[in-house]
Amino acid sequence: MQRLQKVLAMSGIASRRKCERLISDGKVKVNGQIINKLWMKVDPEVDIIEADGQQIIWKNQNKVYLLLNKPEGYITTVKDTHGRKTVMDLLPANLGRIYPVGRLDSSTTGLLLFTNDGELTYALTHPKHKFNKTYLACIRGALKDDSIKALENGILLEDGLTSKAKVKIVKTNPSTSLVKITIHEGKKRQVRRMFKSIGHPVISLKRIAMGFLTLNGVPEGKYRYLTLTEVQRLKNMYQNNIKN
Ligand code: URA
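Residues numbered from 1 in each chain as written. Predicted model: local features only at pLDDT ≥ 70, side-chain atom pairs only at ≥ 80, totals over all residues. Heavy atoms only, no water.

Participant: Describe the sheet that holds strand 3 (residues 33-34), naming the residues involved and giving the relevant values.
Facilitator: Sheets are built from strands that pair by backbone hydrogen bonding, the pairs being arranged parallel or antiparallel. Ordered by their spatial adjacency, 4 strands build an open sheet running 3-2-5-6, and the pairing between neighbours is antiparallel. Where the open sheet ends on each side, the last strands, each with one partner, are strand 3 and strand 6 (54-55). Strand direction decides the pairing type here: strand 2 (residues 28-30) and strand 5 (residues 49-51), joined by 3 bridges, are antiparallel. Within strand 5, the residue paired with K29 across the bridge is E50. (Pairing = 2+ DSSP bridges. Helix = DSSP H or I, 4+ residues; strand = E, 2+ residues; numbered from the N terminus.)

Listed below in structure tokens is the structure:
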């Protein structure tokens, strides 16, 4: 038996907090009865649960999808043999085996997805799907037009030419620039190496979006479950080979 709001959130209809609100607002029924108390425990295998008039699909319960706003200083690994802080320390312990989709450097902050859906992980990290990742980079120096062109045309790194990036200067002054950069590859430390190779070392880096997913409403160090619609949209993207 599990708490009703947890079952609702795990089935992907909304975040845990929104599910709690749905319950308090009297929009959730269990076996045909409105339940507006948060302490209710249910058996999703047996009970018929409806939220906003729609029966939840529990077969999704063993697939977990969540989005973390990673703070600085956490390494992207499931287990660290040196006892350092890992991104898993920021997630509930009872989720079973879930894995990060790609990785962020320890000093990079921002959006990191987690799932136990190997097919989705594979699809989102495969270069052929060109899944966009957008970063906000604070770099040394003022970024000039020729450097923007270089990033947009691809930068030759030691492990090959990067594909074309989308670049937008958010603000700039002689000593630093804030730049929004979108890439779809996942080479190791790619953004840092791209800027370094054109003479603009990165001071700080934050991933602000992956495809249509953003950090909106998720404070640093916190996570939220993806909604069923978001999961479906991600799956449609790669099944239909849709570009972002
Ligand atoms: N590029 C980097 O350089 N670091 C990251 O963490 C992600 C992308």
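Having put the structure on the table, let's press on.
Participant: Report on the nonpolar core, specifying residues and quantitative values.
Facilitator: Core analysis: the largest hydrophobic core is formed by 49 residues, its most contacted members being L4, L8, I49, F114, I181 and F195. When residues of this core are assigned to their parent elements, the largest contribution, 5 residues, is made by helix 1 (residues 4-10). Not counting the four nearest positions on each side in its chain, F114 is found in contact with V64, Y65, L66, L68, V87, M88, L91, I98, Y99, P100 and V101. One finds L111, F131, L226 and M237 within the second-largest nonpolar core, a separate group that totals 18 residues. (Core = buried A, V, L, I, M, F, W, Y, C linked by side-chain atoms within 4.5 Å. Buried < 20%, exposed > 50% of the residue type's maximum accessible area, 1.4 Å probe, protein only. Contact = heavy atoms within 4.5 Å.)

Participant: A description of a positive patch on the surface should follow, citing residues and the corresponding values.
Facilitator: Together, R17, K18, R21 and K222 make up a region of like positive charge exposed at the surface. Structurally, the position occupied by K18 is in helix 2 (residues 16-24). (Patch = residues over 30% accessible without salt bridge, like charges linked within 9 Å, V, L, I, M, F, W, Y side chains within 5 Å. Areas by Shrake-Rupley, 256 points an atom, 1.4 Å probe, with all protein chains shown as cover. Salt bridge = Lys/Arg side-chain N within 4 Å of Asp/Glu carboxyl O. Lys, Arg positive; Asp, Glu negative; His and termini not counted. Charge placed at Lys NZ, Arg CZ, Asp CG, Glu CD.)

Participant: Describe the layout of surface pockets, and please don't skip the residues or the numbers.
Facilitator: Empty space within the largest pocket amounts to approximately 650 Å³. In terms of lining, the largest pocket is formed by 21 residues, of which the most central are S15, R16, R17, Y223 and R224. At the level of elements, helix 2 and strand 17 (223-225) are the ones that each hand at least two residues to the lining of the largest pocket. Counting residues per element, the lining of the largest pocket draws most heavily on helix 2, which supplies 4 residues. Partitioned by chemical class, the residues of the lining of the largest pocket number 8 nonpolar, 5 polar and 8 charged. Size it by volume and the second largest pocket reaches roughly 380 Å³. Along the wall of the second largest pocket there are 24 residues; nearest its centre are R103, Y135, E185, G186 and K187. Of all the secondary-structure elements, those providing two or more residues to the lining of the second largest pocket are helix 3 (118-125), strand 10 (133-140), helix 5 (190-197) and strand 15 (202-210). Residues belonging to the lining of the second largest pocket are distributed by class as follows: 9 nonpolar, 6 polar and 9 charged. (1 Å grid on protein atoms, 1.4 Å probe; cavity = no way out; pocket = protein on both sides within 12 Å on 5 of 7 lines; lining within 4 Å. Points joined across faces, edges and corners; volume = space filled by probe spheres on them. Nonpolar A, V, L, I, M, F, W, Y, C, P; charged D, E, K, R; others polar.)

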